[in-house]
Each structure stands twice: as structure tokens, then as C-alpha cells.
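Here is how the chains run, residue by residue.
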Amino acid sequence: MYPRYIDIPKKAKYFLGSNVKIIYIVRNVYERIESHYMHNSGAGLERDEIGKAVAWNSEYINFSNYRLQLAQWETEVKSGQIFVLHLNDYVFSREKKLAELFSFLEVDSTFTSGVEAAPKNVSQGRYAPRGFARKFAQSEFYLRYRSGLPMPLREGLKKFFGDKVEKYNLQL
């Protein structure tokens, strides 16, 4: 995403041709920022709390600035070649949004995808570890030796962390 990756629209046009069609999926900006933060945090790339992380890392804002992102494409592709799909609209009206998307792509818009109504890939209330649990879960010791820890010690850690093991999805 811009500005980390530059000239992607220009490269897409070069490799895919001037008639390339872009499907741009957007979501609630705050949810996108939180998801980005949770991803980075879970991957061990982010150690600050969300407020500080967003203030110090401009990618959270830039990647969520849909106007900035779309402006890169609008300079390279013709008007009408970008389909902006709002994720919530898709989640709550899948068949309708798919019909619109199929029409945009100039494929049979009467096709029914059979897409299930239930959303997939939902975090189900899992949170990134905080405080001591987070520091421990990201520690070099834990990451290096967790699979080699004796079972009694692993069970002891599960008791110590209690419900946080499941809540934070710690792998003990």
C-alpha cells in the first residue's frame, strides 16, 4: 500500500493492460486500524499500546486513508474501472453486492455464488496479550523453548495465566 509501495497502479497497468479493473475493498477506518494493529501486535511487530502505536507509525493512518490510496489508482486507470466495495455492505448483502461486482466485471450477474451468509475469519473476541502476558508470550525464552518445556511446567503456566491462555490464544 502507498506510500510503502510506490507505483503499484502503474505496474498493474503495464503488466495487466490499460483495461484492468480494480476491486477496492474498504471497511470502517477505525476497525481497519485496530485490525492492522492487532495483526502487527500478534506477529510481534508492535509492542506499543494502540494509541501510541498509531501516533508513532504513520502506516496505520496512511493505509486507512482510502482517498489517498484510491488517488494512486485514479491517475492510472480510466473512470469506471474501479469498483469500491464496502465490506459491511458485502457482509450484510452478499448476493446483491456480488451481482453488482459481476456486472462491473461484465460477467453473468445472475450467477448465484452459493456463498454462505455467515461471516468467516472472525476473531471471536480474541485479544492480543497485554502487560506481563504479552511480554512473556513475545519473550525470546518463551518463543524458543515453549515446545520443549516439561508438561508440569506448561500446566503450571496455564494455571498461572488462567483464562488468559484462551483469551489471548497463548500456545502453552
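In what follows, the structure referred to is the one given above.
What you see is a predicted model, and the numbers here were worked out from it, not measured in a lab.

S.K.: Can you lay out the nonpolar core for me, pointing to particular residues and giving the numbers?
M.R.: F83, L85, L98, L101, F102 and F104 together form the largest nonpolar core, which totals 6 residues. Within the residue set of this core, elements represented by two or more residues are β2 (82–86) and α7 (94–104). Ranked by residues supplied to this core, first place goes to α7 with 4 residues.

S.K.: Residues and numbers for unusual backbone geometry, please.
M.R.: Of note, the phi angle at D7 is positive, near 65 degrees, even though the residue is not glycine. Note on placement: D7 falls in the segment before α1 (8–16). Residue class for D7 comes out partly exposed when judged on its relative accessible area of 39%. Backbone geometry places E106, a non-glycine residue, at a positive phi of 60 degrees.

S.K.: I'd like to hear about the environment of G80, residue by residue, with values.
M.R.: One can find G80 in the loop between α5 (66–74) and β2. For the pair formed by G80 and I22, sequence separation is 58 residues and the distance between their alpha carbons is 9.4 Å.

S.K.: Help me get a handle on the side chain of K97, residues and values and all.
M.R.: Tracing the backbone shows K97 in helix α7. When near neighbours in sequence (up to four residues on either side) are disregarded, K97 contacts F83, L85, D89 and Y90.

Procedures and definitions
- Residues numbered from 1 in each chain as written.
- Predicted model: local features only at pLDDT ≥ 70, side-chain atom pairs only at ≥ 80, totals over all residues.
- Heavy atoms only, no water.
- Core = buried A, V, L, I, M, F, W, Y, C linked by side-chain atoms within 4.5 Å.
- Buried < 20%, exposed > 50% of the residue type's maximum accessible area, 1.4 Å probe, protein only.
- Helix = DSSP H or I, 4+ residues; strand = E, 2+ residues; numbered from the N terminus.
- Contact = heavy atoms within 4.5 Å.

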